[in-house]
Structures are given as structure tokens and as C-alpha cells.
Amino acid sequence: NSRTMNRENWRAVCHESGTYGSGRGGWKRTARQRASRLLHFENLKIANMIRNHHLAKSINDAAWGRFLTWVQYYASLHAIPVIKVVPHFTSQNCSGCGTLVKKSLSVRTHICPACGLIMDRDHNAARNILAKALSTVGQTATDVPASA
């Protein structure tokens, strides 16, 4: 199922970066490596997501909150801006033309009827998150450290 595949993909990423099974030190090391330029991510309400019993174990296993805390910490040490993007419609808006393409969570491929763009749902969302982050750089809503 897709939940197992997501877990396996996450483990593969962690193995590549040397963090899987290495405890807290691995998360710190990865956060330090990622805090090297403009940082942007969806401002997800992790506490609310944990209430969903289908997602809770995966979210807790991945330790999203702890990882984001370390990323923000290292970013503040090095005066790197951290931008929390509003998560609304990041996976449903087409990153090519901006058309809203409604789909359920089980649909993993983004297919835009307007411009014909076909890509993985997560890749489409990542492009939308980057575009939203870049559009907010320099505005007061970003978490730019005071020394930047």
C-alpha cells in the first residue's frame, strides 16, 4: 500500500543521508546539512495530524517536529531565512499553469487538464511550495533571523 511505500521511500532517503537508525545525532546532522541556504516548508499542524490514527505512527516515527526544530535552530545560527508556507492547495494547484486540479489523497499523479502537465503529486507540491516561498522572501511573514 502507499503508506508502506512512503515509509520505504523515507527510509531510503535516511539511508542515503546516513540518518536512519542513528538516533538524535542523525537528525541533528541532517538538519545541519540542510541549513545551508533559503529554507522553506509547509507549515503543517503536526499536532492535528497526529490525531488521525492512520498517520500518527508514521509522523511520530519520522519525528517531523523535532527535525524542523533542529533545522530552524541551525538556520538561526547561520542567519538563513526560514519560510513557512501555508499548505493550502500545494498539491492540487498545477505548478505549470496554476489551475486547481481536485484529487483525493489516494491519487499520487498530478495530471493537469489545462496545460497537460503530468508529474508525481509530491513533486508538483514541492514546486508550488518553492514558488510560494520565493514570493514571500523579504516580507514580514518570513522567519528571518534578526542578524540577517
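Rules and cut-offs
Residues numbered from 1 in each chain as written. Predicted model: local features only at pLDDT ≥ 70, side-chain atom pairs only at ≥ 80, totals over all residues. Heavy atoms only, no water. Helix = DSSP H or I, 4+ residues; strand = E, 2+ residues; numbered from the N terminus. Buried < 20%, exposed > 50% of the residue type's maximum accessible area, 1.4 Å probe, protein only. Contact = heavy atoms within 4.5 Å. Phe/Tyr/Trp six-rings, centres within 6.5 Å; stacked < 30°, edge-to-face > 60°. Core = buried A, V, L, I, M, F, W, Y, C linked by side-chain atoms within 4.5 Å. Salt bridge = Lys/Arg side-chain N within 4 Å of Asp/Glu carboxyl O. Patch = residues over 30% accessible without salt bridge, like charges linked within 9 Å, V, L, I, M, F, W, Y side chains within 5 Å. Areas by Shrake-Rupley, 256 points an atom, 1.4 Å probe, with all protein chains shown as cover. Polar contact = N/O pair within 3.5 Å; in protein donor to acceptor, adjacent residues only side chain to side chain.

Draft legend 1. Highlighting the side chain of S91. Structurally, the position occupied by S91 is in the loop between β2 (82-85) and β3 (109-111). The class for S91 is buried, based on a relative accessible area of 17%. Discounting residues that sit within four places of it in the chain, S91 has contacts with K103, H110, R121, N124 and A125.

Draft legend 2. Layout of the packing of aromatic side chains. If you walk through the whole model with that rule in mind, you get three aromatic pairs. An angle of 25 degrees between the planes, with centres 5.8 Å apart, marks the rings of W70 and Y74 as stacked. On the criterion of helical spacing, the pair formed by W70 and Y74 is a turn pair, its members being four residues apart in helix α5 (residues 64-77). A relative accessible area of 9% places Y74 in the buried class. Grouped by ring-pair contacts, the aromatic residues W70, Y73 and Y74 constitute a single cluster.

Draft legend 3. Structural view of the nonpolar core. Membership of the largest hydrophobic core is limited to seven residues, which are L39, F41, F67, V71, A75, I80 and V82. Of all the secondary-structure elements, those providing two or more residues to this core are β1 (39-42) and α5. In this structure F41 touches L68, Q72, V82, I83, K84, V85 and I129, once residues within four positions along its chain are discounted. Residues V101, C112, L117 and M119 belong to the second largest nonpolar core, which totals five residues.

Draft legend 4. Examining the pattern of salt bridges more closely. A complete count under the given rule lists one salt bridge for this structure. Close ionic contact of D122 with R108 constitutes a salt bridge, the shortest N to O distance being 2.9 Å. Residue D122 is located in helix α6 (residues 121-136), and its partner R108 is located in the loop between β2 and β3; the two are separated by 14 residues in the primary sequence. Look at D122 and you get partly exposed, because its relative accessible area is 44%.

Draft legend 5. Structural view of a nonpolar patch on the surface. Taken together, the side chains of L130, L134 and V137 make up a nonpolar region of the molecular surface, amounting to roughly 260 Å² of accessible area. Summarising the element assignment, L130 is placed in helix α6. With relative accessibility at 36%, the residue L130 sits in the partly exposed group.

Draft legend 6. Representation of the environment of E42 in the model. By the secondary structure assignment, E42 is in strand β1. By relative accessible area, E42 is classed as partly exposed at 22%. Each C-alpha atom, one on E42 and one on A126, is 9.3 Å from the other, the two residues being 84 residues apart in sequence. Those residues within four positions of E42 in sequence are excluded, and the remaining contacts are V85, P87, T90 and I129. Engagement of the side chain of E42 in a polar contact is seen with the side chain of T90, the distance being 2.6 Å.

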